[in-house]
Each structure stands twice: as structure tokens, then as C-alpha cells.
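Coordinate analysis (summary)
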Amino acid sequence: HLANLVSFLDLVQSKDMRVLLRLVNTRMDDRYRAGSEMWLGSILGSIRGHPALELVLFEGDQRYHDTDGDGVEDACGEQAEPPLWLGPDGVGARYVEWAMGYALSLGLAPEKLSAEAIIGVYVIDQGPDHLWFTPGVMRTIFERVGIPDGQRTYAISFYQGRRCRFADGLPCEDADPHDWTDESLLRTLHAIGLESTAGIIAPEFGAAAPIEGGWGSAEALESAVELMRKRGVRGGSLWRWISFDDEEDTDATLWEPVKRRGPGYVYTRVADVMHRLYTAAMLPSRSFTDHPIQSGVTPVKAIHFMELRVRIDALREVAGLQAFSWTDPVLRTGATRIRLAHLLELRRALADAYAAAGRAAPGWTDASPAPASTPIRATHLVELRAAVVALE
């Protein structure tokens with residue numbers, strides 16, 4: 001099995017893809033540490049350093065639960081995201097802290113270690129005092145393990161639905177799935193620190209089931225990609241590619257998969273949305289956020305810079321150049337202060353692409369700006385957008 005796992009990662013690497021490896025343990029209890037160390041050590045020792053490995057996620061639950069509080073364990077733990085909402089000293093958080101420390105001792109890179117934090121569930125996010133906001137718990141775990149902020153990767157899991165859908169009787173003012181997800185992502189940024197340079201990945205995202213109000217997988221995918229770009233989430237994995245059985249394939253209350261079951265390649269409308277979003281960097285006609293930008297009207301936003309970075313990197317790739325090494329790789333709306341250095345990097349990276357294409361670099365307003373006295377203006381972004389479209 002371990003040899004085949006390595007072969008699988010080799011195959012993934014050959015396709016220029018990456019793996020989010022979810023290691024699910026339904027024996028997170030302290031008393032099972034020896035067994036956990038045995039199987040985790042075998043897997044991690046086989047794959048550490050593999051270039052296809054994007055992230056290792058420590059997940060699962062304790063072995064048994066006392067669901068009715070009578071002192072008798074009457075239910076098994078679940079194969080799912082760890083119960084971080086029980087706080088940094090709960091069973092799940094203690095296990096994640098131990099597993100990450102153990103993985104570090106085996107030589108795995110700190111930025112490749114995390115655990116999924118569920119967001120967007122009102123009863124957890126806004127509920128009673130004994131439930132904790134999960135990204136904040138992960139921050140505590142990172143601090144206890146000793147992983148510096150810049151080497152952290154926060155993993156989030158969210159399934160879009162109305163704010164009050166999972167309120168569990170708590171007082172709640174409703175909001176639509178898109179706005180509630182945006183609020184949850186912004187709260188995540190506050191929990192990990194607005195000045196944080198840590199990465200964020202969404203190993204699970206999609207629509208909450210049963211589907212209601214016509215908000216299915218396609219709508220959730222489009223919304224999530226827009227919000228992940230806006231809030232600086234590096235990417236994620238849509239739930240789900242294919243149904244578990246034929247009955248699920250025809251159940252309209254469940255998540256619509258990307259592909260129908262069976263040997264034929266029959267795709268759904270979700271695949272159409274995915275194709276359009278994932279190939280957007282190759283479409284010169286697509287619009288920018290706040291287009292056109294108007295001087296004195298449109299405020300300068302992080303999303304303006306992130307969109308230009310994506311398109312400039314695409315132009316550099318076409319020209320045979322490497323992706324540019326950006327200062328503050330993730331610019332987050334409402335969190336990252338936009339600086340003159342960010343503007344100058346866009347100009348330099350685009351000038352390289354122009355040179356590689358055998359064309360003269362564009363001219364710029366405030367060609368030699370003074371860091372202490374030259375503000376970033378709307379005209380600077382208008383010029384960059386025009387230069388990008390001209391080269392596309």
C-alpha cells in the first residue's frame with residue numbers, strides 16, 4: 001500500500017497536480033497514541049518531501065461518544081473534520097497538536113501540516129460559550145507546536161447555506177449563502193490575525209445538503225471561487241467529483257457532482273462552471289472587479305492587485321518566464337495594507353513579459369515614484385489593466 005501511495009503521488013506530479021492528504025483517525029483519544037504513531041509514521045515516512053504533497057490534514061474523532069450524557073459511551077466517532085469546536089484542550093485539538101509535532105519530528109515541512117477547521121455553521125461560530133471558533137483553535141495549536149506565522153497553512157471546510165439554517169434555535173438574523181460565507185471568511189481572517197502572512201486552503205467546500213432555495217453545487221462553486229479570490233484563500237477542493245452510488249446521482253436534494261457515475265464521461269452543469277472559472281486566466285475578454293476604476297470614486301482594493309497578478313503571471317508563463325515572486329503573496333481585502341512596492345512589482349513583472357514578447361514596455365504615470373510621497377492612484381491601475389489586455 002505504501003509503495004502504491006508513492007506511485008500515485010508520482011502520477012499526480014506528472015500531471016502537474018497536487019494532493020491534499022486527509023489522514024482520518026477515529027481513535028484520537030490519548031490512550032491510542034502508540035497505534036497512531038505506528039500508522040502515521042509509516043505513511044508520513046514514505047511521502048515526506050514528495051513534490052505532489054500540498055498538505056497533510058489530521059482529522060477524525062475520538063473512538064466513542066456518550067451522546068445522552070448518562071455516562072455510557074453509546075456511539076462511534078465520525079470520519080470527518082476534527083472537533084476543534086471543543087476548544088484547544090479538547091480531544092480533537094490535543095490529537096492534532098500531537099500529530100503535527102510528531103510529523104515535524106519526522107522532517108515534514110511545517111507549511112504542509114494542518115487540520116480542517118469548520119466555518120459557516122452558526123451554532124458553532126456564534127453559539128454557546130462552550131463552543132469555540134475553529135480557526136482560532138488552530139491558531140493556538142500552531143502556537144503551541146511552535147510553527148511561525150509565515151509557515152502556517154490554515155485549512156477550512158465550509159458548505160454554503162443560509163446563516164440561520166444551522167442556528168439550532170439560537171436567535172439569528174438570516175443572510176443568503178454568499179454573504180454568510182463572506183462573513184465567515186472575514187471572521188476567519190480576524191481569528192488568525194489581520195497582519196498574518198499564513199496561507200489558507202479550503203480542502204472541502206460546496207453547497208450544504210439537503211439543497212434548498214436552488215443553491216446547489218454550481219452556485220456554491222461560483223460563489224466560493226469569487227470569495228476565495230476576494231479574501232486571499234489559495235484554493236480548494238469542491239465536494240464532490242462523483243456520487244457514492246447510483247441513487248445519489250438522481251437525488252436532487254444532494255450535492256450535484258461534477259461527473260455522473262458510470263464508464264461514460266457524462267458531466268453536469270457543475271463541470272461547465274468549473275471549466276469557465278479554471279480557464280479564466282486564458283480569457284482576455286473577462287472583466288476586472290470595479291471596471292472601470294474611477295479616480296476619486298473607486299477605492300484601491302487588494303482584489304485589484306490580486307487579479308493583475310494572476311493575469312500577469314499567465315502572460316509570463318506564455319512567454320516562458322517563471323511566475324513572479326510577489327511581496328506579500330496573498331493580499332487580503334480588509335486585512336493587507338496595499339503598498340507602493342506592490343504596484344512597482346506589477347510594473348516590473350509585466351515589463352518582463354513585454355520584453356520576452358519583443359515589445360516595448362508600457363509608459364507609466366509617476367514612472368519613478370517616491371515611497372514616502374507618491375500615493376497609489378486609480379490611474380496607476382487603469383494603466384496596468386490596459387497594458388495587460390494589450391499583451392493578452
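Report on the accompanying structure.

Analysis parameters
- Residues numbered from 1 in each chain as written.
- Predicted model: local features only at pLDDT ≥ 70, side-chain atom pairs only at ≥ 80, totals over all residues.
- Heavy atoms only, no water.
- Phe/Tyr/Trp six-rings, centres within 6.5 Å; stacked < 30°, edge-to-face > 60°.
- Helix = DSSP H or I, 4+ residues; strand = E, 2+ residues; numbered from the N terminus.
- Buried < 20%, exposed > 50% of the residue type's maximum accessible area, 1.4 Å probe, protein only.
- Pairing = 2+ DSSP bridges.
- Contact = heavy atoms within 4.5 Å.
- Axes fitted to C-alpha atoms, helices over the stretch in contact; angles between N-to-C directions.
- Core = buried A, V, L, I, M, F, W, Y, C linked by side-chain atoms within 4.5 Å.
- Salt bridge = Lys/Arg side-chain N within 4 Å of Asp/Glu carboxyl O.
- Expected span 1.5 Å × (residues − 1).

**A closer look at the packing of aromatic side chains**
Tallied over the full model, the rule gives nine aromatic pairs. Between Trp98 and Tyr102, the ring centres sit 5.5 Å apart and the planes meet at 10°, which makes this aromatic pair stacked. With Trp98 and Tyr102 both in helix H3 (residues 91-105) and four residues apart, the pair spans about one turn of that helix. Plain terms: the ring middles of Phe158 and Phe205 are 5.8 Å apart, the flat faces sit at 25° to each other, and that makes the pair stacked. Of this pair, Phe158 sits in strand S7 (residues 153-160) while Phe205 sits in strand S8 (residues 199-207), placing them 47 residues apart in sequence. Comparing Phe158 with Phe205, the two get one shared label, buried. Taken together, Tyr95, Trp98 and Tyr102 form an aromatic cluster joined through their ring pairs.

**Things to note about the sheet that holds strand S2 (residues 53-60)**
Read from one edge to the other, the open sheet built from three strands follows the order S1-S2-S5, with strand pairing classed as parallel. The open sheet has two free edges, formed respectively by strand S1 (19-25) and strand S5 (113-114), since each of these has just one partner strand. Along the sheet, H3 contacts S1, S2 and S5; its crossing angle with S2, the most-contacted strand, is approximately 145°.

**A word on the nonpolar core**
Judged by nonpolar contacts, the single largest core of 58 residues is most densely connected at Phe58, Met100 and Met138. Top element by residues in this core is H3. It accounts for eight residues. Contacts of Phe58, omitting those with residues within four sequence positions, involve Leu23, Leu40, Leu44, Pro82, Tyr95, Val96, Ala99, Met100, Ala103, Leu113, Ser114 and Ala115. By size, the runner-up hydrophobic cluster in this structure holds 27 residues, among which are Phe288, Ala302, Ile338 and Leu346.

**As for the pattern of salt bridges**
Summed over all chains, the structure comprises 27 salt bridges. Note that Arg94 is salt-bridged to Asp30, the shortest N-O span being 3.3 Å. Of this pair, Arg94 sits in helix H3 while Asp30 is found in the loop between S1 and helix H2 (33-47), placing the two residues 64 residues apart along the sequence. Owing to a relative accessible area of 30%, Arg94 belongs among the partly exposed residues under this scheme. The class of Asp30 is partly exposed, set by a relative accessible area of 40%. For Asp174, the salt bridge identified is with Arg162, shortest N-O distance 2.6 Å. Within this pair, whereas Asp174 is found in the loop between S7 and helix H6 (177-192), its partner Arg162 is found in the loop between S7 and H6, the two being separated by 12 residues in sequence.

**Topic: the pairing of S7**
Among the eight residues in S7, seven count as buried, and that is most of the element. Of the pairings in the sheet, the one linking S7 to S8 comprises seven bridges and is parallel in character. Residue pairing for S8: Tyr154 is matched across the bridge by Ile200.

**Observations regarding H2**
In an α-helix there are 3.6 residues to a turn, and that puts residues three or four apart on one side. Given a rise of 1.5 Å per residue, 15 residues ought to cover 21 Å, and the 21 Å separating the end C-alpha atoms of H2 matches this to within 8%. By the burial criterion, the buried members of H2 are Arg33, Ser36, Leu40, Gly41, Ile43, Leu44 and Ile47. Tucked into the core, H2 has its buried residues touching helix H1 (2-14), S1, S2 and H3. Downstream of H2 by one or two residues, Gly49 has phi in the positive range, about 85°.

**Side note on unusual backbone geometry**
Cis peptide bonds are those with omega within 30 degrees of zero, and the linkage from Ala209 to Pro210 qualifies with 0°. Put simply, Trp239 and Arg240 share a cis peptide bond, and its omega is 10°. Within the element layout of this structure, Arg240 appears in the loop between strand S9 (236-238) and helix H8 (246-249). A positive phi is found at Asp16, a non-glycine position, where the angle reads about 60°. At Asp328, a position not held by glycine, the phi torsion is positive, near 55°. Following the sequence through the fold, Asp328 ends up in the loop between helix H10 (302-318) and helix H11 (340-356). Judged by relative accessible area, Asp328 falls into the partly exposed class, the value being 23%.

**Observations concerning the sheet that holds strand S6 (residues 116-118)**
Note on sheets: strands pair through backbone hydrogen bonds, and any given pair is parallel or antiparallel. Overall, parallel pairing links the four strands, which are arranged S6-S7-S8-S9 in an open sheet. Strand pairing shows two members of the sheet lacking a second neighbour, S6 and S9, which therefore form its edges. In this sheet, adjacent strand axes meet at a mean angle of 20° when their direction is disregarded. As paired elements, S8 and S9 share two bridges and run parallel to each other. Looking at the pairing, Ala202 lines up with Gly236 of S9. Sitting on the sheet, helix H7 (residues 217-231) is in contact with S7, S8 and S9, with an inclination near 160° to S8.

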